[in-house]
Amino acid sequence: MFKKIYSSLIEHIRSHVGVYISICAAVIIGICAGAITINGLSTSQQSELGDYINGFLNIFSDQNINNTDVLIISLKDNFKIFILIFISGMTIIGIPFVYFFVGLYSYVTGFTIGVFIKIMGLKGILFSFIAILPSELFILPANILLAAN
């Protein structure tokens, strides 16, 4: 069964390789633009972001967090993005919006990672690998697959 799904997925990617390349380019451009944007912020803006992040992390370091609630909130938020991409892809007029939404999501991801690295240094890199990368390994490919269809 998995072999059949895998082979049909590979066949779909081969038959739509141009679309996948353009969607992946939108993802890469979005991530890079988001990461570069942090360098365009003034030092006062960067310090405000740092204070906000440190305050946020300090608040939640003392509290118990319900993982199920966080998962449900994350699924709802990502489902909204998936719906926007799906509805935009239903018409020819909406196709540019598909690229916009994929690029915007990638921009936010790149900006978030860039902020953590700029503010926290090596701890930010570690935090990004632990907290952001695992979810993005599922969400970004899902966005790409949905956008390409």
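Shown above is the structure to which this text applies.
This section reports on the structure supplied with the text. (Residues numbered from 1 in each chain as written. Predicted model: local features only at pLDDT ≥ 70, side-chain atom pairs only at ≥ 80, totals over all residues. Heavy atoms only, no water.)

## Quick word on the overall build of the protein chain
For the protein chain, the count of helices and strands is six helices and zero strands. For the protein chain, the N- to C-terminal ordering of α and β elements is α-α-α-α-α-α. Judged by the C-alpha coordinates and their principal axes, the protein chain covers about 50 × 35 × 25 Å. Within the protein chain, the fraction of its 149 residues that count as buried is 23%. When contacts within the protein chain are restricted to residue pairs at least 6 apart in sequence, those whose partners lie at least 24 apart make up 73%. As displayed, the protein chain offers around 10300 Å² of accessible surface, 73% of which is attributable to carbon and sulfur atoms. Put simply, the protein chain has 7 plus and 7 minus side-chain charges, and the middle of one group is 15 Å from the middle of the other. (Helix = DSSP H or I, 4+ residues; strand = E, 2+ residues; numbered from the N terminus. Buried < 20%, exposed > 50% of the residue type's maximum accessible area, 1.4 Å probe, protein only. Contact = heavy atoms within 4.5 Å. Areas by Shrake-Rupley, 256 points an atom, 1.4 Å probe, with all protein chains shown as cover. Lys, Arg positive; Asp, Glu negative; His and termini not counted. Charge placed at Lys NZ, Arg CZ, Asp CG, Glu CD.)

## Quick word on the packing of aromatic side chains
Per the stated rule, a full pass over the model turns up four aromatic pairs. On the basis of an interplanar angle of 20° and a centroid distance of 6.5 Å, the ring pair of Y52 and F56 is categorised as stacked. Placement of the pair is Y52 and F56 together in helix α3 (residues 43-61), with a separation of four residues, close to one helical turn. (Phe/Tyr/Trp six-rings, centres within 6.5 Å; stacked < 30°, edge-to-face > 60°.)

## Topic: helix α2 (residues 17-40)
Helix length check: α2 (24 residues) gives 34 Å between terminal C-alpha atoms against 34 Å at 1.5 Å per residue, within 8%. Contacts made by the buried residues of α2 are with α1 (2-15), α3, α5 (95-120) and α6 (122-148). (Expected span 1.5 Å × (residues − 1).)

## Some points on the environment of L49
Relative to the helices and strands, L49 resides in helix α3. Judged by its relative accessible area of 23%, L49 falls in the partly exposed class. Taking the C-alpha atoms as reference points, L49 and S74, 25 residues apart in sequence, are found 22 Å from one another. If sequence neighbours within four positions are ignored, L49 has contacts with I38, L41, F111 and V115.

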